[in-house]
Amino acid sequence: MTAPNDNVRKLVYQRDGERCIACGRQDLLEFQHRQAVGMGGSDHRVNVWEGLTACRYCNAAFEAHLQATALLRGWKVRRWVPFEQLLEVPVYYPLARAWYLLDRIGGRTPIDSGRAMQLMVDLYGALLYQQLGMAAAHG
Ligand SMILES: [Zn+2]
């Protein structure tokens, strides 16, 4: 998997307040890729809006029992979404209880939850979005 350079990693950690996005812990932090990127041979350089700060445990859980929750909250994004479009996939920050859109320079802009829901439904479709919500509730 393509790794972010040190500057991108630093900007992402700063933007996220040097805390795990899911549980808030401040140690064992990792750069969490919102979207799986091609294995090997890719010269794609990872951008600030493609990553979030997550602790080792949550990062692993996003691939396991927290997968539906991670998708619903924009922490993970389906592989088929073009990477440029990640800018339009909102991210939920539970500690702030707020949705944000990430930008290209390591910032984030709050948006209201209604707009966030609409962006998610536009992306995944209402049915899939509902299914994700049920999976998250029961998972
Ligand atoms: Zn965590």
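I will try to describe carefully the structure that is included in this document. (Residues numbered from 1 in each chain as written. Predicted model: local features only at pLDDT ≥ 70, side-chain atom pairs only at ≥ 80, totals over all residues.)

### Quick word on the nonpolar core
Generally speaking, a soluble globular protein has its nonpolar side chains buried in company with each other.
Phase 1: In this structure, Cys20, Ile21, Ala54 and Val91 are the most contacted members of the largest nonpolar core, which totals 25 residues.
Phase 2: Broken down by secondary-structure element, the contributors of at least two residues to this core are strand S2 (51-55), helix H3 (67-72), strand S3 (91-93), strand S4 (98-102) and helix H4 (113-124).
Phase 3: The residues contacting Ala54, other than those within four sequence positions of it, are Cys20, Ile21, Ala22, Glu30, Gln32, Asn59 and Phe62. (Core = buried A, V, L, I, M, F, W, Y, C linked by C-beta atoms within 7 Å. Buried ≥ 20, exposed ≤ 12 C-beta atoms within 10 Å, placed from the backbone. Helix = DSSP H or I, 4+ residues; strand = E, 2+ residues; numbered from the N terminus. Contact = placed C-beta atoms within 7 Å.)

### Notes on the pairing of S2
Phase 1: Most of S2 sits out of view: five of its five residues are buried.
Phase 2: Every second residue of S2 is oriented toward a common face, with Gly51, Thr53 and Cys55 on one face and Leu52 and Ala54 on the other, all of them buried.
Phase 3: Looking at chain direction, strand S1 (residues 29-33) and S2 are connected through five bridges and run antiparallel. Looking at S2, one finds that Leu29 is bridged to Cys55. (Pairing = 2+ DSSP bridges.)

### Regarding the pairing of S4
Phase 1: Alignment of S3 against S4, held across three bridges, turns out to be antiparallel. Residue pairing in the sheet places Tyr93 in a bridge with Ala98 of S4.
Phase 2: Pairing between S4 and strand S5 (residues 108-111): four bridges, direction antiparallel. Pairing of Trp99 across the sheet is with Ile111, part of S5.
Phase 3: From the end of S4 to the start of S5, which pair antiparallel, there are five residues, and Gly106 there has a positive phi angle of about 90°.

### Side note on the sheet that holds S4
Strand pairing in a sheet relies on backbone hydrogen bonds, with the paired strands running either antiparallel or parallel.
Phase 1: Taken in spatial order, the three strands line up as S3-S4-S5 in an open sheet, and their pairing is antiparallel. The two strands at the open ends of the sheet, each matched to only one other strand, are S3 and S5. Looking at each pair of strands side by side, their axes are set apart by 45° on average, direction ignored. (Axes fitted to C-alpha atoms, helices over the stretch in contact; angles between N-to-C directions.)

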